[in-house]
Amino acid sequence: MRILKKKRNLIIFFVLALMLAAAIPNVNAQSSPEIDEEIAVLLAEIGLLKGDQDGNLMLDNKLTREQMVVIISRLQNVEDEARIHPVDSKKFKDVPEQG
């Protein structure tokens, strides 16, 4: 159990590091769609990214606040618990209303 927790924490660290690195622009860095695709496939394989109904990861779209919360809930293994709590979509313009 302790080993699994360490592995999960390591995965969380690397995902957050990747997200932070992606958020900080580097004028000398060349964009590489192939590397982005590889990372996305890896994250999909471990269950962090699931895409839309067709499995499209929509890598060209910006990550929304709602999508980030879903990824974090998956990292913490509390996605089912997070679904129970309603979202007040009036507070956040980028979070769609749930019906």
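Residues numbered from 1 in each chain as written. Predicted model: local features only at pLDDT ≥ 70, side-chain atom pairs only at ≥ 80, totals over all residues. Heavy atoms only, no water.

### Considering the overall build of the protein
So, step 1. In terms of helices and strands, the protein carries four helices and zero strands.
So, step 2. Walking the protein from its N terminus toward its C terminus, one meets helices and strands in the order α-α-α-α.
So, step 3. A buried classification covers 12% of the 99 residues belonging to the protein. (Helix = DSSP H or I, 4+ residues; strand = E, 2+ residues; numbered from the N terminus. Buried < 20%, exposed > 50% of the residue type's maximum accessible area, 1.4 Å probe, protein only.)

### Observations regarding the environment of Leu-75
So, step 1. Topologically, Leu-75 is positioned in helix H3 (residues 65–75).
So, step 2. Sequence separation between Leu-75 and Val-15 is 60 residues; the distance between their C-alpha atoms is 9.1 Å.

### Details of helix H2 (residues 33–45)
So, step 1. Its 13 residues place the ends of H2 18 Å apart at the C-alpha level, agreeing with the 18 Å of an ideal helix rising 1.5 Å per residue.
So, step 2. Positive backbone phi, approximately 90°, marks Gly-47, located one or two places after H2. (Expected span 1.5 Å × (residues − 1).)

### Describing a nonpolar patch on the surface
So, step 1. Together, Leu-10, Phe-13 and Phe-14 make up a nonpolar patch on the protein surface, roughly 330 Å² of accessible area in all.
So, step 2. Residue placement: Phe-14 occurs in helix H1 (residues 2–23). (Patch = residues over 30% accessible without salt bridge, like charges linked within 9 Å, V, L, I, M, F, W, Y side chains within 5 Å. Areas by Shrake-Rupley, 256 points an atom, 1.4 Å probe, with all protein chains shown as cover. Salt bridge = Lys/Arg side-chain N within 4 Å of Asp/Glu carboxyl O.)

### Some thoughts on the confidence of the model for the protein
So, step 1. When pLDDT is averaged along the protein, the result is 76, and 72% of the positions lie at 70 or above.
So, step 2. Taken element by element, the protein is modelled with least confidence in H1, mean pLDDT 74, and with most confidence in H3, mean pLDDT 84. (pLDDT = per-residue confidence, 0-100.)

### Observations regarding the side chain of Glu-79
So, step 1. Relative to the helices and strands, Glu-79 resides in helix H4 (residues 79–84).
So, step 2. What makes Glu-79 buried here is its relative accessible area of 15%.
So, step 3. A polar side-chain atom of Glu-79 sits 3.2 Å from a polar atom in the side chain of Arg-74.
So, step 4. Beyond its immediate stretch of four places on either side in the chain, Glu-79 contacts Lys-50, Val-70, Ser-73 and Arg-74. (Polar contact = N/O pair within 3.5 Å; in protein donor to acceptor, adjacent residues only side chain to side chain. Contact = heavy atoms within 4.5 Å.)

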